[in-house]
Amino acid sequence: MPTIAVDKAALYAALEREYTTEEFDELCFEFGIELDEDTSQSTKPEDVGKPPQLKIEIPANRYDMLCFEGIALNLRVFLGREKLPEWKLSKPAGEPETLTISEETAKIRPLCSGVVLRGINFTQERYDSFIALQDKLHQNLARQRTLVSIGTHDLDTIKGPFTYEALAPEQIEFIPLNQKQKMNAKQLMEFYDKDKHLGRYLHIIRDSPVYPVIYDSNRTVLSLPPIINSNHSKITLNTKNVLIEITALDKTKVEIVNHMLVAMFSGYTESIEPLKIVSPHNNESREAPDLTPRLMQVEVDYLNQVTGLNYTPEEQSKLLERMGHTVTPSKSDSKLLDVSVPINRADILHQADIMEDFAIAYGFNNLPRVYPNKSSAVAAPLPINNLGDIVRFEAAAAGWSEVMPLILCSHEENFEWLNRKDDGKTAIKLANPKTAEYQLVRTSLLPGIMKTINSNRHHAVPIKVFEVSDVGFIDMSQERKTRNERHFAAAIMGKTSGFEQVHGLLDRIMLMLKAAFITRDDGLKNEKLEGYWIEEVDDPTFLQGHAAAIKINIAGKRHTIGVFGILHPSVLQKFELPYPVSTVEINLEVFL
Amino acid sequence: MAGGTRGPVPVPLESHSANVTQDVLNLLDSKEPLHSSDDFPTIPQPEIKAALDRLASRSMVEYETSDTEEVTLTAEAETIVADGSHEYKVWDAVKQAGKIPIKELPKIVGADSAKVGQGNAFKNKWIKKDGDSLVLVANEVQDTTRDVLAGIKDTKALSDTKLLNDLKKRKLVTLSKVISYTVKKGPKYAKEIPVEVTDLTADMIASGSWESANFKPYNFNALGASQGAGALHPLNKVRQEFRNIFFSQGFVEMPTGHFVDSGFWNFDALFVPQQHPARDMQDTFFISDPVKADKPRADPDIDAQLDAMEAGSRRLFASDEKRQVKPRNYEQYFKNIKEVHQDGAFDSIGYRYPWSEDETLRLVLRTHTTAVSTWVLHRLAEDPRPARYFSIDRVFRNETVDATHLAEFHQIEGVIADFGLTLGGLMKFLETFFSRMGIDNLRFKPAYNPYTEPSMEIFGWHGGLKKWVEIGNSGMFRPEMLEPMGLPKDMRVYGFGLGLERPTMIKYGVSNIRDLLGHKVDLHFISNNAAVRLEKN
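Residues numbered from 1 in each chain as written. Chains lettered and ligands numbered in written order. Predicted model: local features only at pLDDT ≥ 70, side-chain atom pairs only at ≥ 80, totals over all residues. Heavy atoms only, no water.

In the nomenclature of an unreviewed UniProt entry, chain B corresponds to phenylalanine--tRNA ligase from the organism Amniculicola lignicola CBS 123094. Recorded under Sequence similarities (unreviewed entry), the UniProt text for chain B is reproduced unchanged: "Belongs to the class-II aminoacyl-tRNA synthetase family. Phe-tRNA synthetase alpha subunit type 2 subfamily." (UniProt positions renumbered as here; feature names shortened; annotations may be inferred.)

Looking up chain A in an unreviewed UniProt entry gives the name Phenylalanine--tRNA ligase beta subunit, with the organism given as Amniculicola lignicola CBS 123094. According to its UniProt record, chain A has this under Cofactor (unreviewed entry): "Mg(2+)". What the UniProt record of chain A gives under Subunit (unreviewed entry) is the line "Tetramer of two alpha and two beta subunits."

Right, dumping it as structure tokens:
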């Protein structure tokens, strides 16, 4: 969630009253934003002696609150200090400014929108807020400028009509913002390669044969979206008329961004004028932006039912105004409200969103808390969890301690360190882990158990631990191409191997799961004879001659469910364990 | 087990100490009471005490402890007692010689005595200056310093506190605390410690010797024997408490047995747009092998399992009325999800972006178990009826690990589906749910969540911290999530969730999550934590 810092004195002035920190916190809580910090209470050196700020966390879908202006406006409306303004386009004195989009842009960044703000009155604070809002929109909605990017220009330094083109990088030449020397776009890429701020956006266009670029009628470059504007058309505190161009991949988001900029900053301007977009090749020719509020209808009963209230359409309309909506009971149907959703409320998608606003305006915590549900279900545990619990309780009752290591582990821990080979068809591998600690989903409980014992090496031996949890496997027959398997594993580390201890624990668990011990011969002879047996197995994880496979006949089928033995000394060395360790691991799924 | 901390009082084996015990018994036979400082002046106090404790625990002696302050002479004071004070030495030297040049004095009496003694001898009017030399004033003198110190040497005390402080300042005496014991015979006094038995044995019962046996006293101040007990993990103990709460409210456990899910179930079906920040590489673990899921399709095994689990509920609510079951249409569901994102549907304008099938089929480690709730709700659309589901299982986030974040943790999730649910009803339900954990006071804050509307963060009053703390999230699932499944418009579904680790950390006072989950957990922490009783503090 984005956090916005606003000047405390200025915000309280805008809200026409003073608040204690607690009072303002309460207001935020009711409205659904969060006061993170009031820096007047801070003792941090960077805050001391500066005008106090309020740091406010904004819900991720409220793009209209990403700056001081938006927070002040929405809270003023919520408090009933004003009605949300109606944003309207003014007719320009002459012809509207025009921007023509060339078809070539389809290769890299096909969409462009924009608006002209006339007679803007910047102060340092407003200017800073204007820049900061663009930055926040770039970070959030625009997904680091990939989907949308904004360029703002002093209209009096350039001359329309404008063109949005896509050209080879070498053909684009200009002085970038706040630079002195002219460079072409190819050189510019090198120039900003190491730049902390801009370097991370270069990849968006770097490898494209053509770069997007906006020119005025004198072939003066306005910007190289989504990287940087030209120095020529830079806005300053003295700028009176602003041209905003917004290039994008996403048709919806480009207009949302346009709406946000207009809604937040037109209050400082004399007029909002359209930008005529000429883009016949993709049917995107239009006058931008469209500031008409979106009309929708909302069911009166729905608002009442979900909130448990019984409000008349008129009462509902009045409450919804506090959230910025213009609402009138429908003339054609008494069960409906006509709601006009203002341009700043891009988060309203469905009448559910209006219902939430209704509930917020009423106050979540004032809603009648009555539980309407009279019917009940019959509880049921998941069978595999029940089975796992049986094994957990029995292992603990036998004197072993439960551990809970992580599911993710490194490739080495899961394979090489256990002397196991990766056949490439077993383990689920992660594409983007931040550390080598998390490379795959474990296929065995042993690595985690070994690591836990390692962390507890200083404890007196014997150490006896167990785990009942899931491992994961690739399984191409499944919809998700993978499956989990519930395992039980235990390990003992002591001065002697503890082989007979894990063997005894296995016997105990089998007894509790009603699996009888039978001889290998009997088990092999007759699949119908239920029971388990063990047989020596050659397994490189274990010391030769001291490992046994665990076999079981269950429901007429023969399974190998696991293995136990004395860990091979090379395994101990890898996990840095000083004493001999014996382990047992079985798959519990067959007992379901 | 290391000796001495548990079980009966150990009988010290060292011969030296044993001798002290015997010496006390021997001497008491002829002299009573004993005073340790007089009768055993050379034996260190701790040894005396050990011997007396051992005897007292058997009622063979009784003793009283007294603290006294003792004045002892320093090495310098000892020489004064032997040779006289510095001033006396100076006076004596002058007396012997009749007249001594001041410069010569250190050579005769030593530098220290010359320096200190000269001044004191002047002050006492024993000697005076005569030009550059010292001559006698008094023919006879009394060396009081020496006499006082000699007295202290005998009595180890001085009643004149002013003088005592003066001597302390002059570094002639030091004060030390002395603990001494006055010892008398106890009711079971004997000249020797009788033979003792440590425990009752089967042989003693068989032979009857227990009747005359002298049992060694038990140390009731120590802990009992270590049990070498097994233990369940604290996190799983808390998990079980939560499961019990859910079961008591009629919830059915959801099949969460797959860590890997498709973007479809984890995100798209939940109306999380494909460009949502949660789907960034920084937040979600993507799977490189295998790469791509199938489109959603039937899973007969899991269906059969849930059918079996819900059989009880079906029997209970069975009626003669034939229920209409409308089999799931996965293809339609997939199309609906695409439409509701890309073009808008089900009375929603949607997000209006080109929806990618590749993106929805990417495999991820599930970031929440709500992915499973989605699957279960889609199943519910076959026969929409009141239902309650829950799960507690592991989820994964590609987080940078720190004291409060791990790449894995446990999500507790509850879902209630019914007709005519209200927002206040959810609050009421959560009040009862959290009251089971001893949290009675709840507040709700409007919040944003892509798949719930309204979304409410749950705050509980933390008595210890004296502030409202966020304890969970809740809301009603969006129509854009429910209606594409085929659930009727008037069926509403509550969803709520919280982490398992956070309440457990508060419960056990753990400040670093790595001390609770993962391989770095201390085994003592696992074995020595009390049972969880959520309703108690």
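Enquirer: I'm lost on the nonpolar core in this one. Help?
Expert: General note: in soluble globular proteins, nonpolar side chains tend to be found buried as a group. One finds Phe24(A), Ile56(A), Phe242(B), Leu365(B) and Phe434(B) to be the most contacted residues of the largest nonpolar core, which totals 172 residues. Looking at this core, the element that brings in the most residues is helix H6 (residues 251-265) of chain A, giving nine residues. Residues within four places of Ile56(A) in sequence aside, it is in contact with Pro2(A), Thr3(A), Ile4(A), Val6(A), Leu11(A), Phe24(A), Ile33(A), Glu34(A), Leu35(A), Asp36(A) and Ile71(A). By size, the runner-up hydrophobic cluster in this structure holds 74 residues, among which are Leu349(A), Ala396(A), Ile586(A) and Val372(B). (Core = buried A, V, L, I, M, F, W, Y, C linked by side-chain atoms within 4.5 Å. Buried < 20%, exposed > 50% of the residue type's maximum accessible area, 1.4 Å probe, protein only. Helix = DSSP H or I, 4+ residues; strand = E, 2+ residues; numbered from the N terminus. Contact = heavy atoms within 4.5 Å.)

Enquirer: I tried to follow the pattern of salt bridges on my own but got confused; where do I start?
Expert: Where side chains of opposite charge bring their charged atoms close, a pairing between them can arise. For the structure on display, the rule yields 70 salt bridges over all chains. Linking Arg483(A) and Glu485(A) is a salt bridge whose minimum nitrogen-to-oxygen distance equals 2.7 Å. Looking at Glu485(A), the relative accessible area reads 10%, which means it is buried. In this structure, Glu310(B) engages Arg379(B) in a salt bridge whose closest nitrogen and oxygen atoms are separated by 3.1 Å. Residue Glu310(B) is located in the loop between helix H13 (300-309) and helix H14 (311-316), and its partner Arg379(B) is located in helix H17 (residues 370-380); the two are separated by 69 residues in the primary sequence. (Salt bridge = Lys/Arg side-chain N within 4 Å of Asp/Glu carboxyl O.)

Enquirer: Explain the sheet that holds strand E1 (residues 34-35) of chain B to me, please; I cannot follow it from the model alone.
Expert: Remark on secondary structure: sheet strands pair via backbone hydrogen bonds, oriented parallel or antiparallel. Residue and element names in this part refer to chain B. An order of E1-E6-E2 is seen for the three strands of this open sheet, with the pairing classed as antiparallel. Either end of the sheet is taken by a strand with one partner, and the two such strands are E1 and strand E2 (61-73). Bridge count between E1 and strand E6 (residues 173-185): two bridges; the pairing is antiparallel. Note on E6: the bridge partner recorded for Leu34 is Val183. Against the sheet, helix H8 (residues 144-155) touches E2 and E6, its axis set at about 165° to E2. Along the sheet, helix H9 (residues 161-169) contacts E2 and E6; its crossing angle with E6, the most-contacted strand, is approximately 120°. (Pairing = 2+ DSSP bridges. Axes fitted to C-alpha atoms, helices over the stretch in contact; angles between N-to-C directions.)

Enquirer: In this structure, what is going on with the interface of chain B and chain A? I would like to understand it.
Expert: The figure often quoted for interface size is the accessible area lost as the parts come together. Contacts between the two partners involve 119 residues from chain B, matched on the other side by 99 residues from chain A. For the pair chain B and chain A, the summed buried surface comes to about 9,000 Å²; carbon and sulfur atoms form 56% of the total. Where chain B meets chain A, there are 52 residue pairs in polar contact (both at pLDDT 80 or more). The residue makeup of the side of chain B that touches chain A, split by class, is 56 nonpolar, 33 polar and 30 charged. (Buried area = accessible area lost by both parts, 1.4 Å probe. Polar contact = N/O pair within 3.5 Å; in protein donor to acceptor, adjacent residues only side chain to side chain. Nonpolar A, V, L, I, M, F, W, Y, C, P; charged D, E, K, R; others polar.)

Enquirer: What is the right way to look at a nonpolar patch on the surface in this model?
Expert: Judged by side-chain polarity, Leu200(B), Ile205(B), Trp210(B) and Phe215(B) come together as a nonpolar surface patch covering roughly 400 Å² of accessible area. Position of Ile205(B) among the secondary structure elements: in helix H10 (residues 202-207). (Patch = residues over 30% accessible without salt bridge, like charges linked within 9 Å, V, L, I, M, F, W, Y side chains within 5 Å. Areas by Shrake-Rupley, 256 points an atom, 1.4 Å probe, with all protein chains shown as cover.)

Enquirer: Would you mind going over the state of the cysteines with me for this structure?
Expert: Disulfide: a covalent bond formed between the sulfur atoms of two cysteine residues. A full pass over the atoms with the stated rule returns zero disulfides over all chains. Distance from the sulfur of Cys67(A), which forms no disulfide, to the nearest cysteine sulfur (Cys28(A)) is 15 Å. (Disulfide = S-S within 2.5 Å.)

Enquirer: What is the right way to look at the side chain of Ser497(A) in this model?
Expert: All names here are of chain A. Examined against the element boundaries, Ser497 turns out to sit in the loop between strand E25 (482-493) and helix H13 (499-512). There is a polar contact of 3.1 Å between the side chain of Ser497 and the backbone nitrogen of Phe499. Those residues in contact with Ser497 that lie beyond four places of it in its chain are Ile492, Ile566, Pro580, Val581 and Ser582.

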